[in-house]
Amino acid sequence: MRTGKSILLTMIFLLWGSLSVGATEKQTEESGLEEGQRKARIMAVSIEGNELTYYEITDQEENTSEMTPGQRKNGARQDTVTVYLPVAVVVHTDTGEEMTFSILESGDELEVLFEEYEDKEIITEIWMESAEGEKG
C-alpha cells in the first residue's frame, strides 16, 4: 500500500513539473523572447562613449517626459545602472532606421532587449521611443 502511494505521489510530482516547464516555454514563445532574454523600458541618464547609465521605468510610473533624468514623479532618485554597450548593438529609431548607439542622448526613453551572458545582462538591441511613448 505504501509503495502505491509513493508511486502515485512521484507521478503527480513529475506531471506537475512537466506542466510548469511547458507553461514557461509557452510564455517564452508567446512573448517572442528566448530563454535568458527580457525586454524593459529604460531612461538614459547619461551616455559617454559606449558607457550607458540608465534606470528602468516601471509600469507604475506615468509619463516621464516632464521629469529630469534620474527622477521619479515624487522627486526621489531612481536606482541607476551603468553598463557598457557592445559595439554591435543595433538602435532602431522611431522612424524605422537602424543606427549605432552614438545617436543616444541623456533623457532618451528606450526599450531594450537584455540577454543573459555569464550571469550578467547585456543590452543587445535598442528601440528609441517616439514622443508618444510608442515604438516607431
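Above: the structure in question.
Thresholds applied
Residues numbered from 1 in each chain as written. Predicted model: local features only at pLDDT ≥ 70, side-chain atom pairs only at ≥ 80, totals over all residues. Heavy atoms only, no water. Helix = DSSP H or I, 4+ residues; strand = E, 2+ residues; numbered from the N terminus. Buried < 20%, exposed > 50% of the residue type's maximum accessible area, 1.4 Å probe, protein only. Contact = heavy atoms within 4.5 Å. Areas by Shrake-Rupley, 256 points an atom, 1.4 Å probe, with all protein chains shown as cover. Pairing = 2+ DSSP bridges. Salt bridge = Lys/Arg side-chain N within 4 Å of Asp/Glu carboxyl O. Patch = residues over 30% accessible without salt bridge, like charges linked within 9 Å, V, L, I, M, F, W, Y side chains within 5 Å. Lys, Arg positive; Asp, Glu negative; His and termini not counted. Charge placed at Lys NZ, Arg CZ, Asp CG, Glu CD.

Caption draft 1: Examining the overall build of the protein more closely. In terms of helices and strands, the protein carries one helix and seven strands. Seen in sequence order, the protein has helices and strands lined up from the N terminus as α-β-β-β-β-β-β-β. Within the protein, buried positions represent 29% of all 136 residues. Pairs at least 24 apart in sequence give 52% of the contacts found in the protein among residues at least 6 apart. About 9700 Å² of surface is accessible on the protein, with carbon and sulfur atoms providing 51% of the total.

Caption draft 2: Structural detail: the pairing of strand β6 (residues 109-117). With seven bridges joining them, strand β1 (residues 37-48) and β6 adopt antiparallel strand pairing. If you follow R41 over to β6, its bridge partner there is E111. Here β6 folds back onto strand β7 (residues 120-128), and the loop between the two strands holds two residues, one of which, E118, carries a positive phi near 50°.

Caption draft 3: Region of the structure containing the pattern of salt bridges. Per the stated rule, a full pass over the model turns up five salt bridges. Residues K39 and E111 are paired through a salt bridge, measuring 3.8 Å at the closest nitrogen-oxygen approach. Here E111 lies in strand β6 and K39 lies in strand β1, a separation of 72 residues in the sequence. When its relative accessible area of 14% is taken as the criterion, E111 is described as buried. Across the pair R41 and E109 runs a salt bridge whose closest N-O atoms are separated by 2.3 Å. Within this pair, whereas R41 is found in strand β1, its partner E109 is found in strand β6, the two being separated by 68 residues in sequence. Since its relative accessible area comes to 16%, E109 is described here as buried. Look at the salt bridges and you will find they share partners, linking R38, E56 and E121 into a network.

Caption draft 4: A negative patch on the surface, seen in detail. Taken together, the side chains of E35, E116, E118 and D119 present a region of like negative charge at the surface. Mapped onto the elements of the fold, E35 is located in the loop between α1 (2-31) and β1. Note on E35: relative accessible area 79%, which makes it exposed.

Caption draft 5: Looking closely at the sheet that holds strand β5 (residues 98-99). With mixed pairing, the seven strands of this open sheet are ordered in space as β3-β2-β1-β6-β7-β4-β5. Looking at strand neighbours, the two that pair on one side only are β3 (81-84) and β5, the edges of this open sheet. Direction of pairing for strand β4 (residues 90-92) relative to β7: parallel, over a ladder of three bridges. The residue bridging V91 from the neighbouring strand is I126, located in β7.

Caption draft 6: Local environment of the environment of D119. Looking at the secondary structure, you find D119 in the loop between β6 and β7. The sequence separation of D119 and G36 amounts to 83 residues, and the corresponding C-alpha distance is 9.9 Å.

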